[in-house]
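# Structural overview
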Amino acid sequence: MELLSIAFAAMLGSNIILSRFLGICPFLGVTKKTSSAVGMGLALIAVVLLSSIIGYALNLLLVALDMASYLRLVVFILVIASFVQLLEFVLKRFFPSLYKALGVYLPLITTNCVVLQVCLDLVARDYNLLQTIVYALSTSVGYMFIIVTFSFIRTRLDNQQMPSSFKGNAIAIITAGLMAMAFIAFTGFKF
C-alpha cells in the first residue's frame, strides 16, 4: 500500500509540474503537437528512471565515503547529463523524426529541474531502491500524462476564437493554472 500511495501522490496528488511548476520550458515548448509531447514524455521517463537508479547507488557510495554533502549535486548533474547525451545519440540514430521534432528541448532535459528534483527528493525522503524506482517512474509518468493532456487541450485552444492578447503562451499558462487547481483535489489522498 505504501508503494501505491507513493505512486499516486507522485502522478496526481503532487504532480511535479502542476504542484511545483518545474519543467515549464519543455511543458510550454513541446505541447503544441501531441506527438512531440509523447516523445518528450518517453524521453523524460527514460532519463528520470535511469538517473534515479544510478543516482541512488552513487549516493549510497558517497554516504559511505562521507562525501555526500558536497559532491551529491555534482554527481547527480553528471549522471543526468550522461543519460541525456546517450538518449540524444539513440534518438538521432534510430528515431530521426522524433529527434527533429524535439529539437532544442531534448538537450534541455539535462537542465530540466524535474530530473534533478526527483534525484534530490529521493535523498530527502530516504527511499529504498524499490521506493526509488516507484517514485521516479511515477513522477515521470505523471509528467508525461500532464504534457500529453495539455497538448490535447492546447491543440483545441489553437482552433478557438479568442482575443489576440490571450493567444499563444498566455492562454497556455492560464490553462496550466486551471489544471493545477483541478489537480489539487488529489492532494493528500491516501490508500
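Throughout, a residue's number is its position along its own chain's written sequence, starting from 1. In keeping with the predicted nature of the model, local features appear solely for residues at pLDDT of at least 70, side-chain atom pairs appear and are counted solely at 80 or more, and the whole-chain, interface and lining totals rest on all residues. Heavy atoms throughout the structure, all of them, feed into the side-chain values; hydrogens and water do not.

To continue, consider the overall build of the protein chain. Per the secondary structure count, the protein chain includes 10 helices and 0 strands. Secondary structure elements follow DSSP: runs of H or I of four or more residues count as helices, runs of E of two or more count as strands, with numbering from the N terminus. Moving toward the C terminus, one meets the helices and strands of the protein chain in the order α-α-α-α-α-α-α-α-α-α. It is over C-alpha atoms that the radius of gyration is taken, and the globule rule equals 2.2 Å times the number of residues to the power 0.38. Against the compact-globule benchmark of 16 Å for 191 residues, the protein chain has a radius of gyration of 17 Å, which places it among compact chains. Each of the three principal axes of the protein chain carries a C-alpha extent, and together these read 60 × 45 × 25 Å. Relative accessibility under 20% of the residue-type maximum defines a buried residue, over 50% an exposed one, and the middle range a partly exposed one, all with a 1.4 Å probe and only protein chains included. For the protein chain, the residues scored as buried account for 42% of the 191 residues in total. It only takes one pair of heavy atoms within 4.5 Å for two residues to be counted as in contact. Summarising the internal contacts of the protein chain: among those between residues at least 6 apart in sequence, 77% fall at separations of at least 24. Taken as a whole, the protein chain presents about 10100 Å² of accessible surface, with 69% of it coming from carbon and sulfur. In these tables, accessible area is a Shrake-Rupley quantity obtained with a 1.4 Å probe, and a residue counts as shielded only by the protein chains included in the view.

Looking now at the pattern of salt bridges. Put simply, a salt bridge is a Lys or Arg side-chain nitrogen that is within 4 Å of an Asp or Glu carboxyl oxygen. For the structure shown, the criterion picks out 1 salt bridge. With a closest N to O distance of 3.1 Å, D121 and R20 form a salt bridge. Here D121, found in helix 8 (residues 113–124), pairs with R20, found in the loop between helix 2 (16–19) and helix 3 (24–29); they are 101 residues apart in sequence, far enough to count as distant. When its relative accessible area of 7% is taken as the criterion, D121 is described as buried. With relative accessibility at 32%, the residue R20 sits in the partly exposed group.

Looking now at helix 8. An expected span of 1.5 Å times one less than the residue number is assigned to each helix. The end-to-end C-alpha distance of helix 8, which contains 12 residues, comes to 16 Å, matching closely the 16 Å that a straight helix rising 1.5 Å per residue would cover. What helix 8 keeps buried is the set V114, V115, V118, C119, D121 and L122. Around the axis of helix 8, the buried residues are gathered within 160 degrees of arc, so they sit on the same side. Immediately beyond the C-terminal end of helix 8, within one or two residues, lies D126, with a positive phi of roughly 55 degrees. Think of it as the arc spanned by the lines of direction from the helix axis to the C-beta atoms.

Further remarks concern the packing of aromatic side chains. Two aromatic rings, drawn from Phe, Tyr or Trp (for Trp, its six-membered ring), form a pair once their centres lie within 6.5 Å of each other, and the interplanar angle then sorts them: stacked below 30 degrees, edge-to-face above 60, tilted otherwise. Here the structure, examined in full by the defined rule, presents 3 aromatic pairs. With a centroid separation of 4.3 Å and an interplanar angle of 25 degrees, the aromatic rings of F27 and F150 are classed as stacked. Separated by 123 residues along the polypeptide, F27 in helix 3 and F150 in helix 9 (residues 129–157) bring together distant segments of the chain. Judged by relative accessible area, F27 falls into the buried class, the value being 0%.

So, on to the environment of S138. Here S138 is to be found in helix 9. Each C-alpha atom, one on S138 and one on A7, is 5.1 Å from the other, the two residues being 131 residues apart in sequence. Polar side-chain contacts of S138 include one of 2.7 Å to the backbone oxygen of V134. Pairs of N or O atoms within 3.5 Å make up the polar contacts considered here, provided that, within protein, one atom can donate a hydrogen while the other can accept it, and that residues adjacent in sequence are counted only when both atoms are side-chain atoms.

Pairs of packed helices are described in terms of their axes, by the angle between the two and the distance that separates them. An axis is simply a line fitted to the C-alpha atoms; with a helix, the fit covers only the stretch in contact. Between two such axes, the angle follows the N-to-C directions and lies from 0 to 180 degrees. Interhelical geometry of helix 9 versus helix 10 (residues 169–183) gives an angle of 135 degrees and a closest axis separation of 11 Å. Classified by the angle their axes make, helix 9 and helix 10 are oblique. Crossing of helix 9 against helix 10: the hand is right-handed. Residues F145, I146, T149, F150, I153, R154 and L157 of helix 9 pack against N169, I171, A172, T175, A176, M179 and F183 of helix 10. Each angle gets one of four labels, with under 35 degrees taken as roughly parallel, over 145 as roughly antiparallel, 65 to 115 as roughly perpendicular, and the rest as oblique. In a left-handed crossing the near helix is turned counterclockwise from the far helix by less than a right angle, and in a right-handed crossing that turn is clockwise.

This brings us to the nonpolar core. What makes a nonpolar core is a set of buried Ala, Val, Leu, Ile, Met, Phe, Trp, Tyr and Cys residues whose side-chain atoms join them at distances within 4.5 Å. Membership of the largest hydrophobic core comes to 52 residues, with the highest contact counts inside it found for F27, V47, I109, V118 and Y143. Mapped onto this core, the elements with two or more residues apiece are helix 1 (2–13), helix 2, helix 3, helix 4 (34–64), helix 5 (68–94), helix 8, helix 9 and helix 10.

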